[in-house]
Amino acid sequence: MITEDAAPNADPRRWATLGIVLTSVLIAALDATVLNVAIPTILEEFDTTLTALQWVITGYTLTFAALLIIGGRLSDIFGPRRMFVIGAALFGIGSFIASISSGVPELVLGEAVIEGMGASLMLPATMGILSTTFTGRERGMAFGAWGGTMGAAAAFGPLLGGFLTTNYSWRWAFRINVIVVPFAIVGALLFMRKVATSGRRERIDVPGSLLIATGMLLLVFSISEGAEYGWFRPTQDLVVGGTVLWPAGAPVSIVVVTAVVAVALLVGFVALERWKERRDRDPLFEFSQLRILTFRYGLSTLVLMAMGQISFLFVLSVFLQEGLRLSAVETGLWLVPSGLFIIVGSQVGARLTRRIDTTFVVRSGLLLEATGLGVVAWAVDPSASFLHLLPGLALFGIGVGFAASQLTNVVLSGISPERSGAASGANTTVRMIGSSLGIAVISTLLTTFTQRATSSDPATVAAAGARPALVFGTVVVAVGTVVSLLIPRLGSPDDVDDDLRRVEQESEAIAETYAVQ
């Protein structure tokens, strides 16, 4: 069915494609949160330790973050549909292994390694598919649905995990993927159009891939595990697979070592990619794209937004369960309104871009997010009720719906379609780095202020730690709002399509200038 907003040559199968993409994004995003509430059950069933089990969830994040830009570049070279199918297949295989696992090693292999690899191929491909399938106003709506799905998955993940664990089994978190993935693959082959690649044989940047994968893995580990293993002095042994890799008696924390090595590797990656780009040797990531202001300042805004957003779910979940003594399912139910408002906000935001500047929608969303976080920080109290938190949940959810969905549209607006895969990988990588940074700071604030609390009442202690962490999130998102003012006016999605040829010409001119330098 062709809508009045659709281009005359619009793909008639685009809505089926959108449904497949959103379903795949949903299961990939849910996997990052759905198992958190099942940890106590898995601990008992496998008779293992929390230290061993944490590598299931941490490993998924590490693998996912380390390979995102590589997955995006492979999408550029071999086509997004092909990489989507391969990524979905790996995701399904990993889910099957995890669903039948009898111990932590199999669970780590299935969830952390194979699923993480699949997700790193699948998610960048979905953005490339949307970029090439939709045009004009419909592209804004498609990206709005993509961002809304990501946000809703984060909100509904704990609720779904709690429901499955309580009423069925935590294994159903993986069995659902095993059921959905084959339909997604068949649907992709039937409905997604095959996008033509550049036509020339491009080489895979193996040295760059190794540098970025290892560097990102160590960077995300350093940021996310600093509170666990000590920022400067080791607080406990680093144990993997029953082997102590770094003892607590070492003179310096493993985090210091991994952070230094990560920075060295990433600096080497930047130098290598700039050298390859100047000589037109198929770099993994083209740093000249950062001269495109929508891309540069869009990513800068995104990292701040991600830092602030993570404070909402992370802190509020801890406060509700540790302070108000709610169960995992009850906590998920309290957070449901935020997920619903994210869905509503993403669709309303996409419709607003038909009439007003897209960047204005993003800025409005960030402002609503910051306000919502501030309201929640004010409402966090030992006597807090659902109704006290509801206004903040609503403001935050609508803000995420406005900002998160359309910010992706802004970031990719100036990127040519044949380079959208690597740019999409960078977009998601920056989002994950922001979340990891946010968790690192928030964990420190929670621990510090909770330990300083003098009360013996759990709710009072939890509120004492939650409030400053939420204030931190408020401030960071507010700073992101200020940074977003640097993003050039984007206009409506119709304007973006009219300007794409001009942007591509400017990008080519930038690349030529860069090559001469």
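Here is what the cut-offs are and how they apply
- Residues numbered from 1 in each chain as written.
- Predicted model: local features only at pLDDT ≥ 70, side-chain atom pairs only at ≥ 80, totals over all residues.
- Heavy atoms only, no water.
- Helix = DSSP H or I, 4+ residues; strand = E, 2+ residues; numbered from the N terminus.
- Contact = heavy atoms within 4.5 Å.
- Areas by Shrake-Rupley, 256 points an atom, 1.4 Å probe, with all protein chains shown as cover.
- Salt bridge = Lys/Arg side-chain N within 4 Å of Asp/Glu carboxyl O.
- Core = buried A, V, L, I, M, F, W, Y, C linked by side-chain atoms within 4.5 Å.
- Buried < 20%, exposed > 50% of the residue type's maximum accessible area, 1.4 Å probe, protein only.
- Axes fitted to C-alpha atoms, helices over the stretch in contact; angles between N-to-C directions.
- Parallel < 35°, antiparallel > 145°, perpendicular 65-115°, else oblique.
- Left-handed = near helix turned anticlockwise from the far one by under 90°.
- Nonpolar A, V, L, I, M, F, W, Y, C, P; charged D, E, K, R; others polar.
- pLDDT = per-residue confidence, 0-100.
- Phe/Tyr/Trp six-rings, centres within 6.5 Å; stacked < 30°, edge-to-face > 60°.
- Lys NZ or Arg CZ within 6 Å of the ring centre and 35° of its normal.

Student: Give me the overall build of the chain: which residues, what numbers.
Tutor: Broken down by element type, the chain carries 16 helices and two strands. Restricting to contacts in the chain with at least 6 residues of sequence separation, those with at least 24 account for 81%. Surface accessibility of the chain: about 20900 Å² in total, with carbon and sulfur atoms responsible for 66%.

Student: Summarise the pattern of salt bridges; cite the residues concerned and give the values.
Tutor: A complete count under the given rule lists one salt bridge for this structure. Notably, a salt bridge pairs Arg-171 with Glu-45, separated by 2.8 Å at the nearest N-O pair. Residue Arg-171 is found in the loop between helix 6 (136–167) and helix 7 (172–191), and its partner Glu-45 is found in helix 2 (residues 39–46); the two are separated by 126 residues along the sequence.

Student: Give me the nonpolar core: which residues, what numbers.
Tutor: Residues Phe-84, Trp-146, Phe-295, Phe-319 and Leu-320 are the most contacted members of the largest nonpolar core, which totals 116 residues. Looking at which element gives the most residues to this core, the answer is helix 10 (residues 293–323), with eleven residues. Beyond its immediate sequence surroundings of up to four residues, Phe-295 is in contact with Phe-285, Gln-289, Leu-290, Val-411, Ile-415, Ala-423 and Ala-426. Ranked by size, the runner-up nonpolar core spans ten residues in total, among them Ile-42, Val-56, Trp-170 and Phe-174.

Student: Lay out the environment of Ile-69 in plain terms, naming residues and giving numbers.
Tutor: Checked against the element boundaries, Ile-69 lands in helix 3 (residues 50–78). You can call Ile-69 buried: its relative accessible area is 11%.

Student: Give a detailed account of the environment of Leu-407, specifying residues and quantitative values.
Tutor: Within the element layout of this structure, Leu-407 appears in helix 13 (residues 386–413). Judged by relative accessible area, which is 1%, Leu-407 ranks as buried. Distance from Leu-407 to Val-362, taken between C-alpha atoms, is 6.1 Å for residues 45 residues apart in sequence. When residues no more than four places from it in sequence are discounted, the contact partners of Leu-407 are Gly-298, Thr-301, Leu-302, Met-305, Val-362 and Ile-487.

Student: Tell me about the packing of helix 12 (residues 358–379) against helix 15 (residues 458–484), and please be specific about residues and values.
Tutor: Packed helices, taken two at a time, are described by the angle their axes make and the gap between the axes. Put simply, helix 12 and helix 15 touch, their axes get as near as 8 Å, and they point 165 degrees apart. One finds that helix 12 runs roughly antiparallel with respect to helix 15. Here the hand of the crossing between helix 12 and helix 15 comes out left-handed. Within the contact between the two elements, helix 12 uses Arg-363, Leu-366, Leu-367, Glu-369, Ala-370, Leu-373, Gly-374, Val-376 and Ala-377 and helix 15 uses Arg-467, Leu-470, Val-471, Gly-473, Thr-474, Val-477, Ala-478, Gly-480, Thr-481 and Ser-484. Broken down by class, the residue content of the contact of helix 12 with helix 15 amounts to ten nonpolar, six polar and three charged.

Student: An account of the confidence of the model for the chain is requested, with residue identities and associated values reported.
Tutor: Residue-level pLDDT values for the chain average 79, and 85% of them are 70 or greater. Every residue in residues 1–8 is under pLDDT 50, and counting partners more than four places away or in other chains gives eleven contacts. Between residues 492–517, whose pLDDT stays under 50, and residues either more than four places distant or in other chains, the model counts 34 contacts.

Student: Just give me the short version of the side chain of Thr-258, but keep the residues and values in it.
Tutor: Along the chain, the position of Thr-258 falls in helix 9 (residues 254–278). Once residues lying within four places of it in the same chain are set aside, the contact partners of Thr-258 are Leu-218, Phe-221 and Ser-222.

Student: How would you explain the packing of aromatic side chains if you had to name every residue and give the values?
Tutor: With the rule as written, the count across this model stands at five aromatic pairs. With a centroid separation of 6.0 Å and 65 degrees between ring planes, the pair formed by Phe-269 and Phe-287 is classed as edge-to-face. Within this pair, whereas Phe-269 is found in helix 9, its partner Phe-287 is found in the loop between helix 9 and helix 10, the two being separated by 18 residues in sequence. Joined through ring pairs, the aromatic side chains of Phe-46, Trp-170 and Phe-174 make up one cluster. In this structure, Arg-175 is placed above the aromatic ring of Trp-172, and the distance from its NZ or CZ to the ring centre is 5.4 Å. Over the face of the ring belonging to Phe-449 we find Arg-452, whose NZ or CZ atom lies 5.4 Å from the ring centre.

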